[in-house]
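So you can see what is in the structure, the chains are spelled out below.
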Amino acid sequence: MAEQLSTSKCDSPLLQAFVDNRSILVKIAARITGCRSRAEDVVQDAFFRLNAAPQITSSFKAQLSYLFQIVRNLAIDHYRKQAMELKYSGSEEEGLNVVIQNASPEATHINLAALDDIAQALNELPQRTRYAFEKYRLHGVPQKDIAKELGVSPTLVNFMIRDALVHCRKTANRQA
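In this text, all values refer to a predicted model and were calculated from it rather than measured experimentally.

About the cut-offs
Residues numbered from 1 in each chain as written. Predicted model: local features only at pLDDT ≥ 70, side-chain atom pairs only at ≥ 80, totals over all residues. Heavy atoms only, no water. Phe/Tyr/Trp six-rings, centres within 6.5 Å; stacked < 30°, edge-to-face > 60°. Helix = DSSP H or I, 4+ residues; strand = E, 2+ residues; numbered from the N terminus. Buried < 20%, exposed > 50% of the residue type's maximum accessible area, 1.4 Å probe, protein only. Salt bridge = Lys/Arg side-chain N within 4 Å of Asp/Glu carboxyl O. pLDDT = per-residue confidence, 0-100. Contact = heavy atoms within 4.5 Å. Core = buried A, V, L, I, M, F, W, Y, C linked by side-chain atoms within 4.5 Å.

1. What to know about the packing of aromatic side chains
Two descriptors summarise a pair of aromatic rings, namely the distance from one centre to the other and the angle between the planes of the rings.
Moving on, step 1. By the definition in use, this model includes 2 aromatic pairs.
Moving on, step 2. Ring centres 5.5 Å apart and planes at 45 degrees place the aromatic pair Phe18 and Phe47 in the tilted group. Remark: Phe47 occurs in helix α3 (residues 36-52) and Phe18 occurs in helix α1 (residues 13-20); sequence separation between them is 29 residues. Phe47 shares its class with Phe18; the two are buried.

2. Considering the pattern of salt bridges
Moving on, step 1. In the structure shown here, the tally under the stated rule is 4 salt bridges.
Moving on, step 2. When the shortest N-O distance is used, the salt bridge between Arg36 and Glu40 registers 3.6 Å. Of this pair, Arg36 and Glu40 both sit in helix α3, 4 residues apart, which is roughly one turn of the helix.
Moving on, step 3. Accessibility expressed as a relative area gives 24% for Glu40, which makes it partly exposed.
Moving on, step 4. Between Glu134 and Arg130 there is a salt bridge, and its shortest N-O distance comes to 2.8 Å. With a gap of 4 residues between them, Glu134 and Arg130 both fall in helix α7 (residues 127-137), about one helical turn apart.
Moving on, step 5. Taking the relative accessible area as the measure of exposure, Arg130 reaches 24% and is therefore partly exposed.
Moving on, step 6. Each of Arg22, Arg36 and Glu40 takes part in one network of salt bridges that share partners.

3. What to know about the confidence of the model for the protein chain
Moving on, step 1. Overall, the prediction assigns the protein chain a mean pLDDT of 83, with 85% of residues at 70 or greater.
Moving on, step 2. In the predicted structure, residues 1-7 sits below a pLDDT of 50 and forms 5 contacts with residues beyond four places in sequence or in another chain.

4. What to know about the nonpolar core
Moving on, step 1. In this structure, Phe18, Ala29, Val43, Leu50, Leu67 and Val71 are the most contacted members of the largest nonpolar core, which totals 19 residues.
Moving on, step 2. If you list the elements that add at least two residues to this core, you get α1, α2 (22-33), α3 and α4 (60-88).
Moving on, step 3. What Ala29 contacts, discounting residues up to four positions off in sequence, is Gly34, Ala39, Val42, Val43, Val71 and Ala75.

Structure follows, in structure tokens:
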């Protein structure tokens, strides 16, 4: 016979406090994650952790604090995980341009030729512009750090990166 969670009375006072304050817990998680459905997932994860946790015999206020802290920590973890996934994932369009390992020799030649064209385009840029572009696009250095390093304004660094990108695109389009 399957066990059901009754909203009227739970076995544990901590689980009962969880059930009674579920909507508040969802709101707390939603503020951190920025999405109600993700907040629901966080609260569900918290429930499973609480259900497996040993019995806590402390005051009601301490139990509520414990619940709020668990939900807050799980929401922060969820938010960080989502940010990490966004950082390392690309758009669908970028995925279409990934070189396939077992590509035909012709496709490999075309891709290598395109890389050579981009490298040549980068060599045509002024040294400072190329440096800013490579630091930002290839090494992920923030523009403000590049500006400090070069002794220029962040706005100028932004324009240098944009100019380099435009130059590379024009070169690629000419070759295509």
